[in-house]
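In case you want the letters, here they are:
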Amino acid sequence: MKKRDPRIFLFLLPSFIFLSIFTYYPIFDAVGLSFHRYGAFNPKPIFQGLKNYIDFFKDPIFWQIILNNVLFGLGTILPTMIMALIFAILINEVRSLRTFFRLSLFYPMLIPYAAAAMVWVFIYDPSLGPINLILKLLKLKPIGWLGDSRYSLIAIIIMTVWKNLGYYMLIFLAGLQNIPRDLYEAATVEGTNWSQKHWHITIPLVGPSTLFVFVVSVIQSFKVFTQIYLMTEGGPGYSSNVLIYRTYEYGFKFWQLGRASTLTTLMIMILLFLVLIVFGVWGRKITYQAA
Amino acid sequence: MKKLFKLAIILVLLLTLPLYMVMAGGKKEEAKPEGEKAAEETGNLERYKLSEKPVVIDFYFVVGVAGPLAQVIDGMVEEFNNTHQKILVQPVYAGNYNQTMTKVQSAILSGIPPDVFVVEISELYTLLAIDGIIPLDKYIEKEGGDTFTGQYFDALYGNARAEGKIWGQPFQRSTPILYWNKDMFAANADRLKAAGLDPTRAPQNWDELEKASTILTDREKGIWGVILPGGWNDWIFEAFVYQNGGKLISKDAEKSHFDSPQVLEALKFWYKLTNELKVSPPLRPWNQTPIDFSSGHAAMMYYSTGGLPLVRKQSNFDFGTAFQPKKVQYGTPVGGGDFHISKGIPPENQDAAWEFIKWMTSPEMAAFWSRESGYICINKKGLDLPEMKKYLEEFPNAKVAAEQLEYSFPKIMAPNFQEIRKVFVANLDAMMQGQQSPEETQKKLHTSVQKILDEY
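Residues numbered from 1 in each chain as written. Chains lettered and ligands numbered in written order. Predicted model: local features only at pLDDT ≥ 70, side-chain atom pairs only at ≥ 80, totals over all residues.

1. Considerations on the overall build of chain B
A tally of helices and strands in chain B yields 23 helices and 13 strands. For chain B, the share of sequence-separated contacts (at least 6 apart) that also reach a separation of at least 24 residues comes to 75%. (Helix = DSSP H or I, 4+ residues; strand = E, 2+ residues; numbered from the N terminus. Contact = placed C-beta atoms within 7 Å.)

Here it is in structure tokens:
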């Protein structure tokens, strides 16, 4: 191993200072506060050990929220990735109107989340919204969407998939364009059909993109806030409440900063764990070089 | 090829449709003038710059019912600024009640409070617990004490009094009332009469409500008998508990009374309407409810009196308003929002804020606000103004909420009401959607509310 030039630490210093102030310090502070009773109504933190954690583990609402997070993750990550890859392959193969298709899929990314959420509130409107109008035309029963516990989370999932699809598609598209054409030519000469070609060449070779998309969308699925805040406020009941929204409620609605920190700490732990697993298990198996 | 192009253009237009909607929506929002913008437009800032510097105060306000009330407030503030040279009020629309309380609380705790704000009346104990507001007694004394407060309906001060002081001034105040579709009642007169009901008046007790809802529900046409709206179902439910002679928590906010038989009976009644008879939809969003009613999708609804202008404008049928039906008595919590003045601001800002509050609740302004918003005309002197008399004569539906004050109770108040409200609404939601029984709901509500009360 080459010996490191000590000057590199000097160059890292500026970013380290900023990260310390705005990232590391708040994280450690939150971890510390998570063992305290602290908030607007008792401004002096009182140490109480693991009580906040135990309270949450005993609270059925907490487990429902974790379940919602898992469902939201499953509901967004897999469909988004599969659809993004398929659309990327199709667009890559389409000769005419490529820009048009790319734009059609990508434009939701350009709309601010808040504006998109308000549009979807209208789309989901139980009496005036287009979805229910279509359902009525098809003689199907209209659905309460955001106002119904059974559908509120699904409604948010659909909106989120729509919003993120274009971005991930673009990443896949970039990955596809890095795959050398001669591999496909060779495969065609060997007489493979369309699906074989993509199964054996495309999917393995977009591995790095897939890993990136997967990690980003796992993290994204824990960061879902804007659309929940604007579309359902976590309701009805707790049906569309997720970890980060619950943290916000504890922090800024109930002003129990200790408990909010507990939830934050739990979320950091879950995310670190997931990312480590993904990079540890999957990261090694990725084919980075086509050759 | 040309055809393909046309097709492509149509497709692009279709696929980007939501984009235009966003753009249209965005523009509308921009059009809302903020305080400074409005002042600039009327040349206020210029004038101020020439004379002495005005006291600039921030005013956070809330819009809690469907309808364009933000513009009404902006207009009122503009008039205040035009008539008061030394004060410049900057109105900030802070969202619905939940969002406004979050913003106010964060602002107070981070040491940059708005000078004057309106939040929901149940938040008083929270505001006191975080030491965010000043008592208004010294200002009220200066204005003449009881003669000043005597102008207002006394029931409205119920949620402003604590520790022997007055902490808030009533503003956008309401009670929930029963709206009923007179045409629909008339069309079903025979069936209503057969059940022993009078089709020319609204139901007066729970029993009549249940019967009328059952008769008027029409599944084929998608018409509900009555809507118990979600979002503020805690508030509407509180009314049912008072009607049944019960209460939710003790006055000192220490003991939960959710375990009382009166509460259980009210829960069971709601469960019956929503889940057994299915004459009330499981859960309707708050702002959606008046739209459902005025488009003829419900024969009756419980809603704030603040929904009146919208229903009046949008419904093409004759509708009436009435007291909420009674069980053992008529009863309702008051509702809405009060003005408060922040603590950690310079005294001249507090004085300016009081000037503003006084002006906003003067007979003329209270009457104007009541006509525009449907809220109660809080200032009794306002009711004697000729334009208000004329309005009430033409539109007697607007009288009901104020008359109902006679049977009103102060709304539930507790420190950290937001947390109680969350539990309250969530459990009612679950029960209305048939996910838990009334008994289970009662048990959960009692234990969680008691736990929250114990913490403070």
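2. Quick word on the interface of chain B and chain A
Often, the extent of an interface is quoted as the loss of accessible area on bringing the components together. Contacts between the two partners involve 37 residues from chain B and, on the opposite side, 25 residues from chain A. Those elements that provide at least two residues to the side of chain B that touches chain A are α1 (2-15), α2 (17-31), α6 (97-109), α15 (289-294) and α22 (417-432) of chain B.

3. Things to note about the domain arrangement of chain B
Residues and elements named next belong to chain B. Domain assignment breaks chain B into domain 1 (33-174 + 335-408) and domain 2 (176-334 + 410-455). Between the C-alpha centres of domain 1 and domain 2 the distance comes to 28 Å. Listed as interface residues are 31 residues of domain 1 and, on the opposing side, 31 residues of domain 2. Those elements that place two or more of their residues in the side of domain 1 that touches domain 2 are α7 (124-129), β6 (169-174), α18 (363-373) and α21 (400-404). Among the elements that make up the side of domain 1 that touches domain 2, the one with the highest residue count is α7 (4 residues). For the side of domain 1 that touches domain 2, the per-class residue count stands at 15 nonpolar, 13 polar and 3 charged. (Domains from an automatic or database assignment. Nonpolar A, V, L, I, M, F, W, Y, C, P; charged D, E, K, R; others polar.)

4. A look at the sheet that holds strand β2 (residues 87-93) of chain B
All names here are of chain B. Taken in spatial order, the 5 strands make up an open sheet running β2-β1-β3-β12-β6, and their pairing is mixed. Only two strands of the sheet have a single partner each, and these edge strands are β2 and β6. Strand-to-strand twist across the sheet, computed as the mean angle between neighbouring axes with direction ignored, equals 20°. Bridging between strand β1 (residues 55-61) and strand β3 (residues 116-120) involves 2 bridges; their strand directions are parallel. The residue of β3 that forms the bridge with Phe59 is Val116. Sheet contacts for helix α17 (residues 347-360): β1, β2, β3, β6 and β12 (335-341); angle to β1, the most-contacted strand, approximately 55°. (Pairing = 2+ DSSP bridges. Axes fitted to C-alpha atoms, helices over the stretch in contact; angles between N-to-C directions.)

5. Concerning the sheet that holds strand β8 (residues 224-227) of chain B
All names here are of chain B. Here 4 strands make up an open sheet; going across it, the order is β8-β9-β7-β10 and the pairing mixed. Edge positions in the sheet fall to β8 and β10 (319-322), since each of these pairs with one other strand and no more. Within this sheet the neighbouring strands show an average axis-to-axis angle of 15°, counted without direction. Of the strand pairs in this sheet, strand β7 (residues 176-181) and strand β9 (residues 298-304) are connected by 5 bridges, and their pairing is antiparallel. Residue pairing across strands places Tyr179 opposite Met301, the latter belonging to β9. Relative to β8, helix α12 (residues 206-216) is tilted by about 135°, and along the sheet it contacts β8 and β9.

6. A look at α17(B)
Every α-helical turn comprises 3.6 residues, leaving residues that sit three or four positions apart pointing alike. Here α17(B) is 14 residues long and its end C-alpha atoms lie 20 Å apart, about the 20 Å a rise of 1.5 Å per residue gives. Residues B:Gln350, B:Ala352, B:Ala353, B:Trp354, B:Phe356, B:Ile357 and B:Met360 constitute the buried set of α17(B). (Expected span 1.5 Å × (residues − 1). Buried ≥ 20, exposed ≤ 12 C-beta atoms within 10 Å, placed from the backbone.)

7. Quick word on helix α5 (residues 113-123) of chain A
Among all positions in α5(A), only A:Ala116, A:Ala117, A:Val119 and A:Trp120 are buried. Viewed along the axis of α5(A), the buried residues span an arc of 160°, placing them on a single side of the element. (Arc of directions from axis to C-beta.)

8. What about the packing of helix α10 (residues 207-222) of chain A against helix α13 (residues 257-282) of chain A?
Residue and element names in this part refer to chain A. Contact geometry of α10 with α13 gives a least axis separation of 11 Å together with a crossing angle of 170°. In terms of their interaxial angle, α10 and α13 are classed as roughly antiparallel. Between α10 and α13, the residues in contact are Leu211, Phe214, Val215, Val218, Ile219 and Phe222 and Met267, Leu271, Leu274, Val275, Val278 and Trp282, respectively. Across the contact of α10 with α13, the residue classes break down as 12 nonpolar, no polar and no charged. (Parallel < 35°, antiparallel > 145°, perpendicular 65-115°, else oblique.)

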